Structure formats: structure tokens, C-alpha cells
Amino acid sequence: MNNSELKNILARLLDMDAETELVEFKEAKNTYDFNKLGKYFSALCNEANLKRRSVAWLVFGVENNKHTIVGTKFRFQRKDLDHLKGEIANKTTNRITFVEIHEIKTPQGRVILFEIPPAPKGIPVAFDGHYYGRDGEELVPLNLEEIERIRNQANQIDWSAQIIEDATIEDLDEDAIEVARKNYKNKHPEKKEEVNQWDDITFLNKAKITLKSKITRTAIILLGKDESEHFINPSEAKIRWILKNEKGIEIDYLIVSCPFLLGVDKIYNKIRNLKYRYLKDGTLFPEEMDQYEPFSIREAINNCIAHQDYTKQGRINVVEMPDQLVFTNLGDFIPGSVENVIQEDAPEEHYRNQFLVTAMLNLKMVDTIGSGIKKMFNYQRERLFPMPEYDLSNERVSLTLIGKVINDDYARLLSQRKDLSLSDVMLLDRIQKKKSITQEEEKTLRQKKLIEGRRPNYFLSLDVAQKLEHKADYSKNRAFDKQYYLDFILKAIKEHGSMTRKEIDELLWNKLPEWMTDKQRKNKVKNLIYELKINSRIKNEGNDRNSIWVLYEV
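As the structure is a computational prediction, the values presented were derived from the model and not from experiment. (Residues numbered from 1 in each chain as written. Predicted model: local features only at pLDDT ≥ 70, side-chain atom pairs only at ≥ 80, totals over all residues. Heavy atoms only, no water.)

Caption draft 1: A look at the overall build of the protein chain. Along the protein chain, the regular secondary structure elements total 21 helices and 20 strands. Buried positions account for 48% of the 554 residues belonging to the protein chain. Of all intrachain contacts in the protein chain linking residues separated by at least 6 positions in sequence, the fraction that spans at least 24 positions is 62%. Summing over all exposed atoms, the protein chain offers an accessible surface of approximately 29,000 Å²; the carbon and sulfur share of this is 46%. (Helix = DSSP H or I, 4+ residues; strand = E, 2+ residues; numbered from the N terminus. Buried < 20%, exposed > 50% of the residue type's maximum accessible area, 1.4 Å probe, protein only. Contact = heavy atoms within 4.5 Å. Areas by Shrake-Rupley, 256 points an atom, 1.4 Å probe, with all protein chains shown as cover.)

Caption draft 2: Spatial organisation of the pattern of salt bridges. Per the counting criterion, the structure on display carries 32 salt bridges. Residue Lys85 pairs with Glu100 through a salt bridge whose shortest N-O separation is 2.9 Å. With Lys85 in helix H3 (residues 78–89) and Glu100 in strand S3 (residues 100–106), the pair connects residues that are 15 residues apart, well separated along the chain. Here Arg110 ties to Glu103 by a salt bridge, and the two come within 2.7 Å at their closest N and O atoms. Relative accessible area serves as the criterion here: at 6%, Arg110 is assigned to the buried category. The partly exposed category is assigned to Glu103, whose relative accessible area is 22%. Within the structure, one salt-bridge network assembled from shared partners comprises Arg78, Asp82, Lys85, Glu100, Glu103 and Arg110. (Salt bridge = Lys/Arg side-chain N within 4 Å of Asp/Glu carboxyl O.)

Caption draft 3: The arrangement of the environment of Val341 in detail. For Val341, the position within the fold is in helix H11 (residues 338–344). Look at Val341 and you get buried, because its relative accessible area is 10%. C-alpha separation for the pair Val341 and Lys374, spaced 33 residues apart in sequence, amounts to 7.6 Å.

Caption draft 4: Main features of the packing of aromatic side chains. Counted by the stated rule, this structure contains 14 aromatic pairs. When the centroid spacing of 5.1 Å and the interplanar angle of 85° are considered together, the rings of Phe60 and Phe74 count as edge-to-face. Here Phe60, found in strand S2 (residues 56–60), pairs with Phe74, found in the loop between S2 and H3; they are 14 residues apart in sequence, far enough to count as distant. Of the two residues, Phe60 and Phe74, both sit in the buried class. With 6.4 Å between their ring centres and 70° between their planes, Phe74 and Phe114 make a pair best called edge-to-face. (Phe/Tyr/Trp six-rings, centres within 6.5 Å; stacked < 30°, edge-to-face > 60°.)

Caption draft 5: Molecular detail of the pairing of strand S9 (residues 250–257). Here seven bridges tie strand S8 (residues 238–244) to S9, and the two strands are oriented antiparallel to one another. Each residue of the ladder has a partner; that of Leu243, found in S9, is Asp252. Hairpin remark: S8 followed by S9, antiparallel, with five residues in the connecting loop; positive phi at Gly248, about 80°. (Pairing = 2+ DSSP bridges.)

Caption draft 6: Highlighting a negative patch on the surface. Among the surface-exposed residues, Glu170, Glu174, Asp175 and Glu178 lie close enough to one another that they form a single negatively charged patch. In this fold, Glu178 is placed in helix H5 (residues 174–187). When its relative accessible area of 53% is taken as the criterion, Glu178 is described as exposed. (Patch = residues over 30% accessible without salt bridge, like charges linked within 9 Å, V, L, I, M, F, W, Y side chains within 5 Å. Lys, Arg positive; Asp, Glu negative; His and termini not counted. Charge placed at Lys NZ, Arg CZ, Asp CG, Glu CD.)

Caption draft 7: Highlighting the sheet that holds strand S18 (residues 499–500). Reading across the sheet, the three strands line up as S18-S20-S19 and stay open at both edges, with antiparallel pairing between neighbours. A strand with exactly one partner marks an edge of an open sheet, and here the two such strands are S18 and strand S19 (538–540). In terms of strand pairing, S19 meets strand S20 (residues 548–551) through three bridges, oriented antiparallel. Residue pairing in the sheet places Ile538 in a bridge with Leu551 of S20.

Caption draft 8: Quick peek at the sheet that holds strand S7 (residues 138–141). Reading across the sheet, the three strands line up as S5-S6-S7 and stay open at both edges, with antiparallel pairing between neighbours. Either end of the sheet is taken by a strand with one partner, and the two such strands are strand S5 (126–127) and S7. With two bridges connecting them, S5 and strand S6 (residues 130–135) associate as antiparallel partners. Of the residues in S6, the one forming a bridge with Phe127 is His130.

Caption draft 9: Layout of the side chain of Glu47. When you line up the elements, Glu47 lands in helix H2 (residues 34–50). Accessibility expressed as a relative area gives 1% for Glu47, which makes it buried. Engagement of the side chain of Glu47 in a polar contact is seen with the backbone nitrogen of Arg134, the distance being 2.8 Å. (Polar contact = N/O pair within 3.5 Å; in protein donor to acceptor, adjacent residues only side chain to side chain.)

Caption draft 10: Structural detail: helix H12 (residues 354–362). For H12, the full list of buried residues reads Phe355, Leu356, Val357, Ala359, Met360 and Asn362. Where H12 is buried, its residues meet H5, helix H8 (217–223) and helix H10 (294–307). Of the residues flanking the end of H12, it is Lys364, one or two places downstream, whose phi is positive at about 60°.

Caption draft 11: A look at the pairing of strand S1 (residues 23–26). Because side chains alternate across S1, one face comprises the buried residues Val23 and Phe25, and the other comprises Glu24 and Lys26, equally buried. Where S1 meets S2, four bridges bridge the pair, whose relative direction is parallel. Paired with Lys26 across the strands is Phe60, a residue of S2. Of the crossover connections in this fold, the one passing from S1 over H2 to the parallel S2 is right-handed. (Right-handed = clockwise from strand over helix to strand, strands pointing away.)

Caption draft 12: Spotlight on the nonpolar core. Core analysis: the biggest nonpolar cluster contains 88 residues, and Leu222, Leu223, Ile305 and Phe327 have the highest contact counts within it. Top element by residues in this core is H10. It accounts for seven residues. In this structure, Leu222 is in contact with Pro259, Phe260, Leu261, Leu356, Ala359, Met360, Leu363 and Met365, ignoring residues within four places of it in sequence. With 27 residues, the next largest nonpolar core counts Leu22, Ile88, Val125 and Phe127 among its residues. (Core = buried A, V, L, I, M, F, W, Y, C linked by side-chain atoms within 4.5 Å.)

Caption draft 13: Just the side chain of Thr438, in detail. Its location among the elements puts Thr438 in the loop between helix H15 (422–432) and helix H16 (439–447). Not counting the four nearest positions on each side in its chain, Thr438 is found in contact with Asp15 and Arg455.

Caption draft 14: Geometry of the environment of Gly136. Following the sequence through the fold, Gly136 ends up in the loop between S6 and S7. Measuring from C-alpha to C-alpha, the distance between Gly136 and Glu21 comes to 5.7 Å, with 115 residues separating the pair along the chain. Other than its neighbours up to four places away in sequence, Gly136 contacts Thr20 and Glu21.

Everything listed is a geometric property; what it means functionally is a separate question.
See below:
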């Protein structure tokens, strides 16, 4: 990692409201107990594994509560820091140690970032013979359930690859097999003539849908006859499409079962994907496009099929509303976060249903492993629509695609600023949706002159407003200079002889920025009055509850 990337990581960690089970801050101003450091290494390794994260962090030189940088002189010589890797390895399971130890020089002092890997699959990490974990911010022994959960990872089998002994090729749908052959040849055109010579079971073996001519759960899900679903009981192979009106009332539905290879088309054809029209800047002729990119719909459905946790015995859902589609499947999101997928832009190292995913890739149900989510984001960007919205709570993945412009300024900005990175667009999307961003993210957008305003009430900057000819909107959001308000109060009191607090509120209320809440406006007026008072410009001839403000006599 370069210095800029490290500073961004540090800023993100400092911006957290509190420590998590994956991050630990220590002042360590001069030194730190080696055994305690080792215990934290074990704990953070194990927690990263349990939370399915690619990294955990131990940070030296930062105060624990307010995350203030205090600086550290811990092992000030680089060679001593590097030697620590071997010292830790000597006392850990399988000699696991830090990925890297990073030093960052800041104006407030030196900070050390210990980059800690997750415990290997199936192997909890001990330090000096003992396993450690976290209970909130507390360092504790790793409990027995967590130890077994990690150990059981080594025994976990791919549900989708399991053979169904009682099933035969007669339980597969002939039409689905024919479509599978066609898709396989499109995926592998160099094998077209060879594929034509294969019988069905040879083809299924080559396409990695069956194993040694045995029918797998993947074969039933993708190619099985409708009545063959019982082979995977108590799991289900069902996709449910629901149509709701603008009031959220269900007005139509469809449930499809296996074969999913054909079922995806049935669901896709039920989605209306209406035409969306809007006026582009500088023209009176409306632009017309589909509400949703067809690739995004198919990718979303196929992702649900590929990543569904079938052991949870639930259905895949596709809910269509007038201006959005919501896709849900059961199971946690293995990459950890959507941001990781976008930024790394690389295939996952493992999948919940690896055998199923491989078969879907061979049948061209998924385009290329790892890039589909980023493509969906880019398609929404091209439409000037909001970014895809993911909810990863409650061991379920929910994806929402919005099929309309919800903020005209955001849409104009995307249409005119082709230089924006996808990360920038995602941050601006959070702002248009009134969602929070970190201080470091705010700094990035300000440096690019994309936003102004106070957290959390941001608005387009003057530079952007002028380009977009939204100067009036900018002026409504931008505060006047403080002196303007002070002079305005003095002038009004001079004209009327006196003014109550309520009258001063009414005087300034509509002149304050639109982004301010009522509470923020009241505080602003209160501070202005206080400043005039302590500078002996005005005085209160009433009382605290019923103030009457007049000018000081000169």
C-alpha cells in the first residue's frame, strides 16, 4: 500500500464511532506489553474469520475513546518492528503473523497500523497456547461455540455439489438440457463440433453439472423437472415474483420452480420494465429508455440463485413496484461489503455454492465471476439513476434497483462530469439519499469542489452550481457572512426601537440556509444575539423568558 492509501485507511478507522471487534486502538506512547499484543493478535485473527472479513487492525498511537492521535514511540527503529513478525509467529498457531506493519507519520505524531489476517479456514489461531476473541471492545477467551464454528469450516461441504443417489437423468427437463447445450456452445465456441458429438450425460459431466454421471443438487436446481424439486427437500428451488402498486398492495404474482435455467426467463418476462422519459438539459425533446438495464435484472436474479443459502429452506423473491425492483436471497454476503467488491473488482476466493456457480458460468447464466455487481453500478450511472442499494442485515441479501431520477441536480452532475470515478459517484449517491459519509469521504468531495454545507446537510458547491446553472439553489443553501446578520439585527432594532427574541427569529428565519434544521436556526440566532450583547451593541430590557432587545445608548 502507498502512503495515500494508508492515510485513507487510518482516516476511516478514526472516523468510527467506537471500536469494533475487528479494530483495536492503543496509545502505546512508548512501549506495549508483548504478551498482551499477542493476545490481541489472536483475538483479531479469530474475529476476522468469524465475521468473514479480509483484515483486522490493531492501531498504536491513538487514544481509545475519542480516537485522537497521540503518537507512539513503540519500536521506533524499523528493524525492530519487522522483527516483531517473527516474535509473534513463534507463539501462534501455524506461525501465523502480521500481513504487514505500517508506519504513518502525521502532524500529531507517529501511528502504527498492524494489518492482521483472518484465521485460516478451519483453524482458530492461538497465542501461547490459548485462543482469544472479542466481546464488544473487551478482550476475552474465545468461547467454545466460536472455536467449534471455526473448526467446522474445515468440514463444511459444498451443498450444491452433493450427489442425489435416487435421481437419474430422467429427472431432468429435456428442454432445459437443450438450452444448456446451446448456452454452453455460446460460452465455448471452440468446442461446438465436439459438443454436438456428446450424449447428454457426457455433456452434463463436461459442463460440471453432474459428477461422474451422478445427478447433483445443482443439476436438479438448474435443469430438474418441476416435480423433481422433492429431491432437495427440505430445501426449496423457487423464485417468487410479486407485483405491487404505488400503495404497496400486491396485485399479481408468479412462483417458478426448477429448472431455474428456464425459470429465469419466466421471471424476467413478467417484469414490465416500462419506458422512462425525461428532458435532457438544452433540449425540449424527451429522452426515452428502459427503466432497468436488462443485464442488471438478469444479473440480480442469477446472483440470488448462485448465492442463496438453500439450507435455510426459503425462496428467492423479486418484488416489482412502480419505480423500483427488489431482489432478495437468504444467506450473509460473503465478500463482507459491496464497497470491497467495487474497489477490489476481483473474483471472490470462495463461494457458498462453488459447484453451482461453476455450472452457471459454463451455461452463461453469469457473465464473468466477480464483475457483475460493478457492471450494475455503471449501468445505473449511465442512466443517471441512483446507485444500486444493498441491505445485508439479518442474514439476507437485499438489492434494490431504482428506475427513475430522484434528484435532478445529481442527474445533471453525472451527465456533465464524466471525469468522476465510480467511488465519487457512490459518495454523491449517498448524499442525494441523505445518508452519512465519513469525514475522510467528505474531505475528498470538498477537495474536488463537489459539495458544500455542514455535516450532515451537504449541497452542491458553487463551482458545480455555476456549471449546472443552479445558482439560485446554491444561494438558498449558502449562508451569508455573519456580519450581514449582525448588521441586519441592529438595523431592525434601530428602526423599531426594540425587538423580542421571537421577532428576531422571524426576521432571520428565511434568510438562513435552507439546509438548516429548526434547531440549528434557533441556535444560530441565539449565538448572533449573544455576540451583539457581549460586544455591548444591544441589551435586554426584559427578562430571560420574555426578552426585549434594544440598542445600547452611546
